[in-house]
Amino acid sequence: MAKKNRKHSPGGWQDWITDRILRGAIWLALRLPVRARLWVMGRLVRHVVAPLAGYRQRAMDNLAHVWPDMPKDTRKRLADRVADNAGRTMIDNYDVQGLLRRMENATLSGDGLPHIEQARASGRPVLFVTGHFGNFEAPRAALVARGYRIGGLYRPMSNPFFNAHYAANMHALSDPVFEQGRRGTMGLIKHIREGGMGVLLFDVYDSAGTTFDFMGQPAPTLTSAADIALKTGALLVPFFGIRQPDGVSFEAVFDAPIEHGDPVVMMQTATRRLEARIHAHPEQWFWIHRRWKPKRQRKRAAARMGP
């Protein structure tokens, strides 16, 4: 008799319970003053969620992959700070109106600012690119608070119960927001082509991407952002929400637009811009996610080589 598959499917009771716990934690945190809630969520993810879910070890493994000479205790301390920032970022983005108020008077800097303002005045589309760094929603909130309309593309969560309010929260910051996939990408392209502005995060593993170095190690990277910019004539502007030492405020930095040309070269330029931010603030990049997947890359390379 065949054994039953014990792995739960999306939408099962485990997902429902997980979502209820997360909803409860978010609800309770939002009852606290801003500094207190950020501290609580940072510590919760740092000391409870990251160790139990394996996020701390994954971050340490990624750090060892990029910086093999880094001592283990240093990697652990850095992984803990990464988890703290992740917890703060999550609760930052669940207080949409609060984030908009905080970013209304935040410092905006960078050579890209006059280009963005000129594009807005002339109706030229703009596509912002960024990575899982600092709080990637902070620069978007800074512009929305100043009257801009910034669309985006998001990757849905595997837990459908959590995804329902996660997606609604993204829409609350600024529409239009599209779910990742062919239909969503076409929707974003249409929005950009009509003179709109949007955001794409590009620092994710995708086997269909072109492989070039990220932080000194090969990483498949999609050229989607560059392709969209070339199709629509949009400015391609990297931006970054850098969390300040107080753990609460941000500086929103808008880099100079990336020159149009070969899509791979454009994305390599975007990658170099992100790398510079990570080197300056390594604790603010999301080392938790699987950016390189070296074992999978080796298997794919071996399969291409054949017997």
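That block above? That's the structure.
Residues numbered from 1 in each chain as written. Predicted model: local features only at pLDDT ≥ 70, side-chain atom pairs only at ≥ 80, totals over all residues. Heavy atoms only, no water.

Caption draft 1: Up close: the overall build of the chain. Broken down by element type, the chain carries 12 helices and 9 strands. For the chain, the C-alpha radius of gyration of 20 Å lies close to 19 Å, the compact-globule estimate for 307 residues. In terms of principal-axis extent, the alpha carbons of the chain reach across some 65 × 60 × 45 Å. Within the chain, contacts between residues at least 6 apart in sequence are counted, and of these 76% link residues at least 24 apart. Here the chain contributes 45 positive and 27 negative side-chain charges, whose respective centroids are spaced 8 Å apart. (Helix = DSSP H or I, 4+ residues; strand = E, 2+ residues; numbered from the N terminus. Rg over C-alpha atoms; globule rule 2.2 N^0.38 Å. Contact = heavy atoms within 4.5 Å. Lys, Arg positive; Asp, Glu negative; His and termini not counted. Charge placed at Lys NZ, Arg CZ, Asp CG, Glu CD.)

Caption draft 2: Fine view of the environment of V248. Secondary-structure assignment places V248 in the loop between β8 (235-243) and β9 (250-254). A C-alpha to C-alpha distance of 9.0 Å links V248 and R102, two positions 146 residues apart in sequence. In contact with V248, other than residues within four places in its own chain, are V34, R35, L38, R102 and R243.

Caption draft 3: Examining the side chain of Q284 more closely. Secondary-structure assignment places Q284 in the loop between α11 (263-280) and α12 (294-305). Once residues lying within four places of it in the same chain are set aside, the contact partners of Q284 are N85, H132, F133, G134, G241, I242 and R243.

Caption draft 4: Just the side chain of S109, in detail. Relative to the helices and strands, S109 resides in strand β1 (residues 107-109). For S109, a relative accessible area of 18% puts it in the buried group. The contact partners of S109, leaving out residues within four places of it in the chain, are E251, A252, V253 and F254. (Buried < 20%, exposed > 50% of the residue type's maximum accessible area, 1.4 Å probe, protein only.)

Caption draft 5: Highlighting the packing of aromatic side chains. A full pass over the atoms with the stated rule returns 10 aromatic pairs. Taking 5.3 Å as the distance between ring centres and 45 degrees as the angle between the ring planes, the aromatic pair formed by W67 and W287 counts as tilted. Remark: W287 occurs in the loop between α11 and α12 and W67 occurs in the loop between α3 (55-66) and α4 (72-92); sequence separation between them is 220 residues. Given a relative accessible area of 0%, W287 falls into the buried group. Within the aromatic cluster, the residues linked to one another by ring pairs are W67, F214, W285, W287 and W292. Here R31 stacks its cationic end above the ring of W27, 4.5 Å away from the centre of that ring. Its end group placed over the ring of F214, R291 keeps NZ or CZ at 5.2 Å from the ring centre. (Phe/Tyr/Trp six-rings, centres within 6.5 Å; stacked < 30°, edge-to-face > 60°. Lys NZ or Arg CZ within 6 Å of the ring centre and 35° of its normal.)

Caption draft 6: How the structure looks around a nonpolar patch on the surface. A cluster of nonpolar side chains, contributed by L44, V48, V49, L52 and Y55, occupies part of the molecular surface with about 410 Å² of accessible area. Here the nonpolar patch gets 4 residues from one element, more than from any other, and that element is helix α2 (residues 34-53). (Patch = residues over 30% accessible without salt bridge, like charges linked within 9 Å, V, L, I, M, F, W, Y side chains within 5 Å. Areas by Shrake-Rupley, 256 points an atom, 1.4 Å probe, with all protein chains shown as cover. Salt bridge = Lys/Arg side-chain N within 4 Å of Asp/Glu carboxyl O.)

Caption draft 7: Structural view of the pattern of salt bridges. Under the definition given, this model contains 14 salt bridges. For D80, the salt bridge identified is with R56, shortest N-O distance 2.9 Å. One end of the pair, D80, is in helix α4; the other, R56, is in helix α3, with 24 residues separating them in the sequence. The exposure class assigned to D80 is buried, which follows from its relative accessible area of 7%.

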